[in-house]
Every structure is written in C-alpha cells, then in structure tokens.
Amino acid sequence: EYVDRLVEYEPVGLVTAMMPPQMHGPPVCSIAVGKTCGVAPQASLRYFAVQMWAPDNKPYSYVINKLIDSNKDRDISNQIRVVSISTGMFPQQANFDRWQETLARAEKNGIFVVTCDPTFLRYGTLTRIPGQNPDEPSSYRWGRYGHMDSVLLILAGNRTIASHHGPNVYTYDR
C-alpha cells in the first residue's frame, strides 16, 4: 500500500530484529500516503519507529530536530512539511519543556506537527456512514472524538486501511 512511498526508516531506541510490525504503524502510514487509501498518495514517507511505551519526550524531540536539520540540505520541493505522531501523552512524559521547544522550532521552520494531544491541536473524528458516497460531506457523522470546536476533522471509522499482518492484508476499520 505504501512501500513505494517509504524513502527512509529509522528505529529510534528499538532493536528491530526483536520487534515485529506493530498494529498502529501500517494503518497510519496507509492513511497518510497509501496508494489506494491515503490522503496524500504521492507524498514521500519517512518513518521513525519510536518506543511509544517509554514515557519520555526525548525521542520525539530527536526526530523532529533531525528533520528540521535535514530540510536545510533539501530542495524546497523535497522538504518535510508535515509530521504525524500518533500519541498525545507529551504533557505527562519526561522532558516536556524540551518537547515544547522542539515544537516551536518546528513551527519556525515550516513543519506542521500533528499529534493526538487535544491541548495542542483541537481535532475531532468523523465516521463515514456505510454505503454513502465518500465524496459527499453529508456522508459523514461525528466520530467518537468529535467536537464542535474542532480545527481539524479526521476520518477515523468505516474505512479500509493497511494491516500489520502482511503486505497484502487490509482491515476494514469500524
């Protein structure tokens, strides 16, 4: 679904030989850059595997600072503009001040960081009504995390996504 889009992979603090693919990475990658189910199917993917279970913001700061620095050597059309991190626990983790400084640096350098932290970005979820036209706005309803003051709405239900069970395995996510 997204293997042709993957241009960089780096495990951050992980021994990848010991870690099988996890359930969250493949679906998120397919939503971002998947050729049939992605919102940006022509974009490149740089994947940094981070220990999400380690309660520390250092790995996230490391990755974003690395991306900011790497943009200096890239043509403007190849610069990283969006970073997606599928967690929202930053305020509860160690080195939160460092994380906030990193976010400010990312913004200053033109990188939009999207996380699941509702204090950082008010987002909500949408669910597509089964059988309805996906190109029509009326085919969606508020999802589990929908809010009237949401700045960004994300389709999070009733869609097909890549699975972590294999390269040709998909899941219909309710």
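Look up a bit, the structure's there.
To start, this report covers the structure provided alongside it. The model shown is predicted, which means the values in this text are computed figures rather than measured ones.

### Digging into the overall build of the protein chain
Thinking step 1. Helix and strand counts for the protein chain stand at three helices and nine strands.
Thinking step 2. Traced from its N-terminal end to its C-terminal end, the protein chain shows the element sequence β-α-β-α-β-α-β-β-β-β-β-β.
Thinking step 3. Taken over the C-alpha trace, the protein chain has a radius of gyration of 17 Å; the compact-globule value for 174 residues is 16 Å, and the two agree within 12%.
Thinking step 4. Expressed along its principal axes, the backbone C-alpha trace of the protein chain runs to roughly 45 × 40 × 35 Å.
Thinking step 5. Long-range contacts, defined here as pairs at least 24 residues apart, represent 62% of the contacts in the protein chain between residues at least 6 apart.

### Examining the packing of aromatic side chains
Thinking step 1. With the rule as written, the count across this model stands at four aromatic pairs.
Thinking step 2. Ring centres 5.8 Å apart and planes at 15 degrees place the aromatic pair Y9 and Y47 in the stacked group. Highlighted residues: Y9 in strand β1 (residues 6-12) and Y47 in strand β2 (residues 45-50), separated in sequence by 38 residues.
Thinking step 3. A relative accessible area of 26% places Y47 in the partly exposed class.
Thinking step 4. Centre to centre, the rings of Y60 and F90 are 5.4 Å apart; their planes meet at 85 degrees, and the pair counts as edge-to-face. With Y60 in helix α2 (residues 58-71) and F90 in the loop between β3 (82-84) and α3 (96-108), this residue pair connects regions lying 30 residues apart in the sequence.
Thinking step 5. The rings of Y60, F90 and W99 are connected pair by pair, giving a single aromatic cluster.

### Some details on the sheet that holds strand β5 (residues 123-128)
Thinking step 1. The strand order across the open sheet formed by three strands is β6-β5-β7, and the pairing between neighbours is mixed. The open sheet has two free edges, formed respectively by β6 (140-142) and β7 (152-157), since each of these has just one partner strand. Neighbour to neighbour, the strand axes of the sheet diverge by 40 degrees on average, direction disregarded.
Thinking step 2. Bridge analysis of β5 against β6 gives three bridges, and the strand direction is antiparallel. Each residue of the ladder has a partner; that of R128, found in β6, is Y140.

### Quick notes on the environment of P59
Thinking step 1. When you line up the elements, P59 lands in helix α2.
Thinking step 2. P59 gets classed as buried once you look at its relative accessible area, which sits at 19%.
Thinking step 3. As for P59 and W99, which are separated by 40 residues in sequence, their C-alpha atoms are 9.5 Å apart.
Thinking step 4. The residues contacting P59, other than those within four sequence positions of it, are V12 and V50.

### A word on unusual backbone geometry
Thinking step 1. In this structure, N95 takes a positive phi of about 65 degrees despite not being glycine.
Thinking step 2. According to the relative accessible area criterion, N95 is partly exposed, its value standing at 31%.

### Side note on the environment of D69
Thinking step 1. Within the fold, D69 resides in helix α2.
Thinking step 2. Sequence spacing of D69 and N109 is 40 residues, and the spatial spacing of their C-alpha atoms is 9.5 Å.

### Here we look at the pattern of salt bridges
Thinking step 1. Going through the model one piece at a time under the given rule, you end up with four salt bridges.
Thinking step 2. With a shortest N-O distance of 2.4 Å, K66 and E10 are connected by a salt bridge. Here the residue K66 occupies a position in helix α2, and E10 occupies one in strand β1, the gap between them amounting to 56 residues.
Thinking step 3. Residue D69 pairs with R105 through a salt bridge whose shortest N-O separation is 2.6 Å. On the criterion of sequence distance, the pair formed by D69 in helix α2 and R105 in helix α3 is long-range, its members being 36 residues apart.
Thinking step 4. Several salt bridges share partner residues, and in doing so they unite D69, K72 and R105 into one network.

Scoring rules and cut-offs
- Residues numbered from 1 in each chain as written.
- Predicted model: local features only at pLDDT ≥ 70, side-chain atom pairs only at ≥ 80, totals over all residues.
- Heavy atoms only, no water.
- Helix = DSSP H or I, 4+ residues; strand = E, 2+ residues; numbered from the N terminus.
- Rg over C-alpha atoms; globule rule 2.2 N^0.38 Å.
- Contact = heavy atoms within 4.5 Å.
- Phe/Tyr/Trp six-rings, centres within 6.5 Å; stacked < 30°, edge-to-face > 60°.
- Buried < 20%, exposed > 50% of the residue type's maximum accessible area, 1.4 Å probe, protein only.
- Pairing = 2+ DSSP bridges.
- Axes fitted to C-alpha atoms, helices over the stretch in contact; angles between N-to-C directions.
- Salt bridge = Lys/Arg side-chain N within 4 Å of Asp/Glu carboxyl O.

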